[in-house]
Amino acid sequence: MRHTNRGVIAILTVLALGPAHALAGTTGKLAGAVKDEKGAPLPGVAIRVEGQRLGALSDEQGNYFIIGIPAGAYTVKANLMGYSAFSAENVQIVPDFTTTLDISMRSEAVQIGEVRVEAERPLLQRDATSTTRFISADQIQRLPTRGYQEAAAQQAGIVNFQRLIDRESQNNPTLIIRGGRPNETAYYVDGFSQQDPLTGYSTTSINNNAIQEVVVLNGGFNAEYGRIMSGVVNVITKEGADRYSGALEALSDNFGGDNTVGAKTYDYNLYDFNLGGPILPGRNFGAFYFSGQRRYYGDRSPKANFDDPLESNSLAGWSFQGKLNFPLTEQLNLKLGGLTSDDDWREYLNSYRFNLAHTPRYEDVNRSVTGQVTHTLSKSAFYAVGASWFFTERKRGDGLYFDDVRRYGEFPQTNLIPEIPWFWPGTSDTNSALGKVLAAASAAAGGNGHVFDDYLRRQSSYWALRGDYTHQLNPFHQLKAGGQFDRHTLRFYQHFFPVEFYDPAGDSIKNTRDIDRYGFSVDGKDEVDEGRDGARHPITASFYAQDKYERGGLVVNAGLRWDYINTDVPALRSENTPLGGNSTLDDVDLVENKTYSRVSPRVGVGFPVSDRTVLHANWGQFFQQPNLQDLYVAYRFLEHKVRTGGYFVGFGNPNLKPERTTAYEVGIAHALSERAALDLTAYYKDVKDLVEIATIPSFPNNFASYRNRDFATIKGVDLGLTLRRVNNIAMNVNYSLSFAKGTGSVSNTQRNIAWTAGQPPKQTSPLDFDQRHKLSMNVDYALGKGEGPSWGGVRWLENLDLNVLYNVASGTPFTPSTPFDEVTLAAVASQPTGPVNSRYGPWTQSLDLKAARGFDWAGANVQAFVWVLNLLDEDNAITVFTSTGSANTTGYLSTPEGQDVANNLRNRYGLDAAQVYALALQNQALYSNPRQVRFGLRVGF
């Protein structure tokens, strides 16, 4: 044992030298007391977790604990000679927490046969010292949502922000947790990060049927979670068991033709399958779980302000997830996992309404492979050593030419008509009067419309080694320590004018100057690792240690974390003269980058006021690296921009410091009854060293780069009500009151000011995602087998589940301005009439439902369901025009400038300005979804 412990210490020491995507927990603890029918403690009772090689014996006081149990639902059995066997089914183990299961054994003289009970997750998670929400696989199946992010968005303290806030569009919800920036939310699958370190976003899709549990941490998380400041969404996927199980699912809105029960058809199609079980039947060789999904959406994001489905707004994708579990010995267990996700999608832009062939196209690719060995040293100690590889890539380009930048200049580019500055000319509509004008302009230019003149490709991957050691010193103290080391490979390519890249007539490359690139060749096709603008390889590392103390209801979580980052790329020697007074950027103009390490303490305390009331409080410091694309610069491109000036682009700063948050939280949870509980949490966050883009005075021309200048203060109250099923009804209510103020919502908030070389005043204002009020109410009505009214001797409603989700929220802020042409493609600037973000958009509300009916057929479980989004067909405006506060008009045509535009349209083209401008106002970003009806069928065994 001494040699084994020395080996563990050596492994952890090595891992401590290495970055860290936060170490997300995947295992939990089971504990409790065993007593006889008279309440006396029973020692020597054997407790085991079915399907796992884990067990324990109760001590002299009847207490027991089992650590290192993978998250999931289990059957727990207990045996003692002279007593009837005990079995508890559906015991839920959640990662990072203790599940309490007290066992009552009956002597064989009193009880004949096994004692069976159905366990329920406790209403109060007594060892939680911060706000934590658990979403089970059963809840995910019942909710009228799809995907773990949509389910997480229903929790208190989380804003599902639907406006475009940063540089790129996204398919998945943008979750804002307690007023933090979008990149301050971490996403983990089975303990490993699924985020693009360049942008902080996650584009990974996970099949609903593959999810075992989603744990949402709203703040105050333990030291094992690092390099993240606001919240964590931790997804635990399912594992194979000793029996085979599987399911097939189909979901579509096409079953009823073009008009399904009064709703439009948006060509929504999704197909799922999953299969799990033993690798070799009847032998303890291991288990597998595999799932896949095919999805195709004709209109991936319908909008309420459009009568018909959006064209060129489709998505086609695949996802696969697999997990293998091998019990190597009684003490050693090996887990292997893989996840892949591909999405190929188009983005409708209203400015391309008459030029649909060239609307942007995106490709999002995600790959991850994980492996972990768990070694049980004793009943109270184990360690896990794991490795992972993660890869993510995005391409964004013209809908016709996409990633072939040599073809962008194949035809002459069709530019704007000055009198119609709202639409790019094209040939998508040759019937309407406006369409004919734009098609004629395209033909006159000798091209085929306006090409989407911006090509982007970015690629991130990392290798990670991690290790964790857990030791239950005694029934009261659990020590945990671990570390992680990551080495990234980052590549980036953006050509700002790809139509100028290649000359087809001369068969030659023309413009290689206007390319911001590192790690890719000049045409973005091949990988480049050498040279000043080769791939970037940042190094990150972390180590943590924490103690969890549990006794008499008192819980103390105390930990310390160390994080390290090295961008591993040279920085400018002088920002004022980046070229050193010459016309080129030479090696002598560069110096070694700075490295940063931070120590962050965390303390959380939970204690009972009574047997039905628990208080908690926590304090912690949290650090995270900025988005890596804000740290890196393509030196060839920087040299070009400093020499020539011109259009705006931001350049990364390798010397950016980690951003930091100091967070405080107090909360109370109270069991109103055996079936209902209420929790209330108040929080405050002080955020500093946030990244902001700024003008850097330099010679011969200024340039824009990133600095740690922004700050924010965030406070709020989260309220949650849980009602366990009573008379067939279960309910969850979540309410949030939040105040998020700061000097910038994302690193590019001050983009226009940096462009004009201004210096913004340091004044706080509501952040773009400052949603003051949010209420989410979920009600589930379920009838079991043999329940419900009977007609003609048949219970037609048995196995019925009706789930209703109601969301209502206040609007998000905007800066009021004087009326101007807010939808023009020409260069304009707004003139504010009030302070930044001093007005708020309208409230929104939606009512979604899912009704399912189960059947037994040929030994299989069959479930047919209907899923309705926005049942009341509310027109919810998610953003507004700043001059009017309305999503319907800018008031521009009423201004003298607007009247001149109207006269020019009528006199020159014979067009009605009101009709043309009404089309221009029909922006795809203004409203959320209309009513949608989908039908599904699921067959499982």
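For the structure itself, look to the data block above.
These numbers were taken from a predicted model, which means no experiment stands behind them.

Colleague: I'd love a proper account of the overall build of the chain, names of residues and values included.
Modeller: Per the secondary structure count, the chain includes 8 helices and 49 strands. Computed over the C-alpha atoms, the radius of gyration of the chain is 29 Å, within 12% of the 30 Å expected from 2.2 N^0.38 for a compact globule of 941 residues. Summarising its shape, the C-alpha atoms of the chain cover approximately 100 × 80 × 50 Å along the three principal directions. Expressed as a percentage of its 941 residues, the buried residues of the chain come to 58%. By element, 54% of the accessible surface of the chain is carried by carbon and sulfur atoms, the whole surface being about 37,800 Å². Across the chain, the centroid of the 89 positively charged side chains sits 4 Å from that of the 99 negatively charged ones.

Colleague: So, the pairing of strand E31 (residues 539-551): which residues are in play, and what are the values?
Modeller: Inspection of the sheet shows strand E27 (residues 477-495) paired to E31 by 11 bridges, in the antiparallel sense. Residue pairing for E31: Gly482 is matched across the bridge by Tyr544. Of the pairings in the sheet, the one linking E31 to strand E32 (residues 554-566) comprises 13 bridges and is antiparallel in character. When the sheet's bridge partners are listed, Arg551 is paired in E32 with Leu554. Where E31 folds back onto E32 in an antiparallel hairpin, the turn is made up of 2 residues, including Gly552, whose phi is positive at roughly 60°.

Colleague: Explain the pattern of salt bridges to me, and be specific about the residues and the numbers.
Modeller: With the rule as written, the count across this model stands at 48 salt bridges. Look at the salt bridges and you will find they share partners, linking Asp138, Arg142, Arg725, Asp780 and Asp801 into a network.

Colleague: With reference to specific residues and values, describe helix H4 (residues 433-444).
Modeller: Since there are 3.6 residues in each turn of an α-helix, residues three or four apart along the chain are aligned in direction. The first and last C-alpha atoms of H4 sit 17 Å apart over 12 residues, in line with the 16 Å expected at 1.5 Å per residue. Leu434, Gly435, Val437, Leu438, Ala439 and Ser442 are the residues of H4 that are buried. Each element contacted by the buried residues of H4 is listed here: helix H7 (896-909) and helix H8 (913-920). With its phi angle positive at about 80°, Gly446 sits one or two positions after the end of H4.

Colleague: Tell me what's going on with empty space enclosed by the protein, and back it up with residues and numbers.
Modeller: Counted as a void, the second largest cavity has a volume near 140 Å³. In terms of lining residues, the second largest cavity is bounded by 15 residues, among which Asp96, Phe97, Ser130, Leu217 and Asn222 are the most central. Considered class by class, the residues forming the lining of the second largest cavity number 6 nonpolar, 6 polar and 3 charged.

Colleague: Help me get a handle on the sheet that holds strand E2 (residues 46-49), residues and values and all.
Modeller: Ordered in space as E3-E2-E5-E6-E9, the 5 strands form an open sheet in which the pairing is mixed. Each edge of the open sheet is held by one strand with a lone partner, namely strand E3 (54-57) and strand E9 (115-118). The mean angle between the axes of side-by-side strands here comes to 20°, regardless of whether they run parallel or antiparallel. As defined by bridge partners, E2 adjoins E3 across 4 bridges and the pair is classed as antiparallel. Of the residues in E3, the one forming a bridge with Arg48 is Gly55.

Colleague: Describe the pairing of strand E1 (residues 27-35), and please don't skip the residues or the numbers.
Modeller: Remember that side chains alternate between the two faces of the sheet whenever the strand is regular. Judged by how many residues are buried, E1 sits mostly within the fold: 7 of 9 residues are covered. Both E1 and strand E4 (residues 63-70) contribute to a ladder of 6 bridges, which runs antiparallel. When the sheet's bridge partners are listed, Gly28 is paired in E4 with Ile69. Here 3 bridges tie E1 to strand E7 (residues 98-100), and the two strands are oriented parallel to one another. By the bridge assignment, Ala31 is partnered in E7 with Thr100. Inspection of the sheet shows E1 paired to strand E8 (residues 103-104) by 2 bridges, in the parallel sense.

Calculation criteria
- Along each chain, residues carry numbers from 1 onward, in the same order as the chain's sequence is written.
- Local features in this predicted model are restricted to residues of pLDDT 70 or higher, and side-chain atom pairs are both shown and tallied only at a pLDDT of 80 or more, whereas totals for entire chains, interfaces and linings draw on every residue.
- Side-chain descriptors were evaluated using all non-hydrogen atoms of the structure, hydrogens and water having been removed beforehand.
- Helix numbers and strand numbers start at the N terminus; a helix is a DSSP run of H or I with at least 4 residues, a strand a run of E with at least 2.
- Radius of gyration: over C-alpha atoms. The globule rule applied is 2.2 Å multiplied by the number of residues raised to the 0.38 power.
- Categorising residues by exposure relies on relative accessible area from a 1.4 Å probe, with only protein chains included: less than 20% of the type maximum marks a residue as buried, more than 50% marks it as exposed, and the intermediate range marks it as partly exposed.
- Methods summary: accessible areas were calculated by the Shrake-Rupley approach with a probe of 1.4 Å, and residue burial reflects only the protein chains presented.
- This count recognises Lys and Arg as positive and Asp and Glu as negative, with His and chain-terminal groups excluded.
- Where a charge lies is defined by one atom per residue type, namely NZ (Lys), CZ (Arg), CG (Asp) and CD (Glu).
- Strand pairing follows a simple DSSP-based rule, namely that at least 2 bridges must link the two strands.
- Whenever Lys or Arg places a side-chain nitrogen within 4 Å of a carboxyl oxygen from Asp or Glu, that contact is recorded as a salt bridge.
- Expected span of a helix, by definition, is 1.5 Å for each gap between consecutive residues, and there is one gap fewer than residues.
- Working rule for contacts: check all heavy atoms of both residues, and any pair within 4.5 Å makes them a contact.
- For each structure, a 1 Å grid was placed over the protein atoms alone; sets of points admitting a 1.4 Å probe that cannot get out are labelled cavities, open sets with protein on both sides within 12 Å along at least five of seven lines are labelled pockets, and lining residues have an atom within 4 Å of a point.
- Grid points are joined across faces, edges and corners, and a volume is the space filled by probe spheres set on the points.
- Polar here means any residue outside two lists: the nonpolar Ala, Val, Leu, Ile, Met, Phe, Trp, Tyr, Cys and Pro, and the charged Asp, Glu, Lys and Arg; Gly therefore counts as polar.
- Throughout, an axis means a line fitted to C-alpha atoms (over the contacting stretch in the case of helices), and angles, computed between N-to-C directions, take values from 0 to 180 degrees.

It is worth stressing that arrangement in space is one thing and function is another; only the former is reported here.
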